[in-house]
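Here is how the chains run, residue by residue.
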Amino acid sequence: MSTSIVSTIVHILKNRIQQGARSRTQKAGLFALISFLFLLAKYPNRAIGTRPRPDLDGITWKGMPLIGNTYALIKNRNRFLESIVENFEKVDRDIMSTTMLGLGRIIAINDPVLLEHILKTNFENYEKGYILNSILSQILGNGIFNSDGALWKMHRKTASHVFSTKIYRALIDGAFTTHSTQLCAVLDRAAKEGRPVDLQALFLRLTLDAFAKLSFGLEIDSLGKDGKDPFGSAFDYAVVETDERFMNPLWRVTEHLSSKADKMKSAVKVVDKYAYEAIQARRKETPEEAKERQGAGAREDLLDLFMKWRDEDGRALNDTELRDVFINFIIAGRDTTAQALSWMYYEVMKCPAVEKNIWREVDQLGKPTYEMLTKDMRYSTAVFMEALRLYPPVPRNLKTAVADDVLPNGTQVKAGDRIMFSTYAIGRNKAVWGPQAPEFLPERWFEGNNIEIEKGLLTNSTPSNDHVWAKVRKESQYKFSSFNAGPRICLGQTFATLEALTVINMISSRFQFKLVPGQGAPEPVPSLTLPMKNPLMVHVIPRK
Ligand code: HEM
């Protein structure tokens, strides 16, 4: 319906109201109709509340009256990431403007140059913002993922002290190896009993145990227990439900009308219990007990550091604030690495040449050490990076512009616009990664290999001797953005890589995995991270 027709109808109706006396109901009905038609005229192809943006005409994805692109985005919710990739390919551009109820104008970008501008060059202008904060705060509170400005700086600065080479060495000798050994025992048992296992669930248990111990001194021991993992189940539920809010502008109402609000509350309560127990236990600890826990190196964990923090008035963090630290770091430390390992092993199981190369590498190495993981496990590092490129555990992100800005390609951004970028889509963008972008090719990570590589081309070379394997390519943070980039780059990048390499070293030297037939290709479930929808069922076969 064209704007001028609607305006004429509105005009006629207005006159009619003024002309004759009407009953109250009639007046209300007419008023509602006029308001509706007025809105229709004002928002003919974009969501209510958004401004017309003729400057974005060339990149705008035309929407429906009043709701803009809301329906199209919700319709694709279950394959949202794939649809981003497809839409960018369809328009053959790396920028797109849409509007959505609740989120307003969203400018989606798919280009490392634009990403660098948002994440680094004009970093101060793009914040997480109010909408993101209100959606995430029930689970993440005001933790590092959900904060901006001074609060974010406090979290970042305090936490950064935990990530040092000294700690990494201790972790490889301790938690990483201990938990990987425990995982090997679980796999051993499954192999002996001929019982398939869910590899994704096991990786999640391993990373939860390792990170809870390291960060908050918690002994969750989910790997050692059979049956349900109460923390993991509650946490997963809360993360998936939280993500759903992005696609539902009325989530506050609909959650209350269904049983979701109560279920969400219960899930958060379960998660909180772990956090508060750890905090209480630490508050009760005597100086002698603290000394014993920290060991000879007086190593402080995350909880120690955040409990020691004081603002300029000497105020310490309260229990709720410490709880937020816990939850934010658990999502960072548990889900991401476990999901990356799950997607990686899925790809490895599909490609015997890659599997063989990993074996060649790990079979000539002994027990993991810091030097070995950082220098000698180059092929495995490439395999892990390749999995992160195609399956980034934080697959998309949203920022809000604080003030007007102009992107390097000339696109105008107005204050309040949202910028959406999907690391998943950038990782599959052929203009960025070459024609073989959608393929799993660890070889692309080696210097000297151009993008036209053949799968398994290097199968017959020997990883540690061949010059081709000499150095893993260091890509720009904006091209390979799976760990984010700029001032908010992932704090746990080295932690995650070393943990994953320890796991790969220890399990691939002892076991081969084979996909249980008939389960189909894994699909990601829409979430804040990138879990597989179904269990990743594998047969475990001892190698030696
Ligand atoms: C493969 C594993 C991992 C991947 C792919 C990954 C990726 C990311 C990404 C994309 C972000 C930016 C998120 C955002 O701003 O919304 C991020 C932030 C962060 N990550 Fe990781 N991460 C991984 C593992 C870890 C681990 C193991 C830790 C902790 C030990 C960690 C700690 C953090 C922290 C603290 C931030 C917040 C940084 C900030 O906002 O300043 N990450 N990570």
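Everything numeric in this text was worked out from a predicted model, so none of it was measured. (Residues numbered from 1 in each chain as written. Predicted model: local features only at pLDDT ≥ 70, side-chain atom pairs only at ≥ 80, totals over all residues. Heavy atoms only, no water.)

## Examining the pairing of strand S8 (residues 418–421)
Quick note on the threshold: Any residue under 20% of the maximum accessible area for its type is buried, any over 50% is exposed, and the rest in between are partly exposed; the area is computed with a 1.4 Å probe on protein chains only. By definition, any uninterrupted DSSP run of H or I lasting at least four residues is a helix, any uninterrupted run of E lasting at least two residues is a strand, and each is numbered from the N terminus. For two strands to be treated as a pair, DSSP must find no fewer than two bridges joining them.
Where burial is concerned, the two faces of S8 agree: the one with Arg418 and Met420 and the one with Ile419 and Phe421 are both buried. The pairing of strand S2 (residues 104–109) with S8 spans four bridges and is parallel. When the sheet's bridge partners are listed, Ile109 is paired in S8 with Phe421. Strand direction decides the pairing type here: strand S5 (residues 397–401) and S8, joined by four bridges, are antiparallel. For Leu398, the partnering residue across the bridge sits in S8 and is Met420.

## A closer look at a nonpolar patch on the surface
To keep things clear, this is the line we draw: Without a salt bridge and with relative accessible area above 30%, a residue can belong to a patch; like charges are then joined within 9 Å and nonpolar side chains (Val, Leu, Ile, Met, Phe, Trp, Tyr) within 5 Å. Calculation of accessible area relied on Shrake-Rupley with a 1.4 Å probe; when residues are assessed, cover is drawn exclusively from the protein chains displayed. When a carboxyl oxygen of Asp or Glu is within 4 Å of a side-chain nitrogen of Lys or Arg, the pair counts as a salt bridge.
Taken together, Leu250, Val253 and Leu257 make up a surface patch of nonpolar side chains, about 340 Å² in accessible area. You can see Leu257 is positioned in helix H12 (residues 251–257).

## Looking at the coordination of the iron atom of the ligand
Under the convention used in this document: Donor criterion used throughout: N, O or S atom within 2.8 Å of the metal, extended to 3.2 Å for Na, K and Ca. Water excluded; incomplete-looking sites may result.
Among all protein atoms, only Cys490 (SG) binds the iron atom of the ligand, sitting 2.3 Å from it. With respect to the helices and strands, Cys490 occurs in the loop between helix H21 (430–433) and helix H22 (493–508).

## Quick word on the site of the ligand
Quick note on the threshold: Proximity criterion: a residue is near a molecule or strand once any of its heavy atoms comes within 4 Å of it. Polar contacts, as used here, are pairs of N or O atoms within 3.5 Å; protein pairs need one atom able to donate a hydrogen and one able to accept it. Residues neighboring in sequence count only if both atoms are side-chain atoms. Residue polarity is assigned by list, with Asp, Glu, Lys and Arg as charged and Ala, Val, Leu, Ile, Met, Phe, Trp, Tyr, Cys and Pro as nonpolar; anything else, Gly included, falls into the polar class.
Taken together, 25 residues are adjacent to the ligand, and Lys128, Trp152, Arg156, Arg488 and Cys490 come closest. In this structure, an oxygen atom belonging to the ligand sits 2.7 Å away from a side-chain N or O atom of Trp152. Within the side chain of Arg156, an N or O atom sits 2.7 Å from an oxygen atom of the ligand. Of all the secondary structure elements, the ones that give two or more residues to the shell around the ligand are helix H7 (149–160), helix H16 (319–350) and H22. With five residues, H16 is the single largest residue contributor to the shell around the ligand. Looking at the shell around the ligand, its residues break down into 15 nonpolar, seven polar and three charged.

## Observations regarding the nonpolar core
How we decide: We define a nonpolar core as any set of buried Ala, Val, Leu, Ile, Met, Phe, Trp, Tyr and Cys residues linked to one another through side-chain atoms lying within 4.5 Å. We call two residues contacting when some pair of their heavy atoms lies within 4.5 Å.
Formed by 134 residues in total, the largest nonpolar core has its most connected members in Ile507 and Phe513. Among the elements that make up this core, the one with the highest residue count is H16 (16 residues). The contact partners of Ile507, leaving out residues within four places of it in the chain, are Leu183, Cys184, Leu187, Phe203, Tyr345 and Phe513. In this structure, Ile59, Leu114, Val413 and Ala485 belong to the second largest nonpolar core, which totals 18 residues.

## Things to note about the packing of helix H11 (residues 230–244) against helix H13 (residues 260–284)
Going by this rule: The angle between two axes is taken between their N-to-C directions and runs from 0 to 180 degrees, where each axis is a line fitted to C-alpha atoms and a helix contributes only its stretch in contact. Between 65 and 115 degrees an angle is taken as roughly perpendicular, under 35 as roughly parallel, over 145 as roughly antiparallel, and anywhere else as oblique. Crossing handedness follows the turn of the near helix against the far one: under a right angle anticlockwise gives a left-handed crossing, and clockwise gives a right-handed one.
H13 packs onto H11 with a crossing angle of 135 degrees between their chain directions and a minimal axis gap of 9 Å. Here H11 is positioned oblique relative to H13, judged by the angle of their axes. At the point where H11 passes H13, the crossing takes the left-handed sense. Residues Pro230, Phe231, Ala234, Phe235, Tyr237, Ala238, Glu241, Thr242 and Glu244 of H11 lie in contact with H13, whose contacting residues are Lys260, Lys263, Met264, Ala267, Val270, Val271 and Tyr274. Its residues assigned to classes, the contact of H11 with H13 shows eleven nonpolar, one polar and four charged.

## Some remarks on the sheet that holds strand S10 (residues 537–542)
Strand order across the open sheet formed by three strands is S4-S10-S9, with antiparallel pairing between neighbours. Looking at which strands have only one partner, the edges of the open sheet turn out to be strand S4 (197–198) and strand S9 (511–515). As judged from the two bridges shared by S4 and S10, these two strands associate in the antiparallel manner. By the bridge assignment, Val197 is partnered in S10 with Val538. On the sheet, H16 packs against S9 and S10 and is oriented at approximately 85 degrees with respect to S9.

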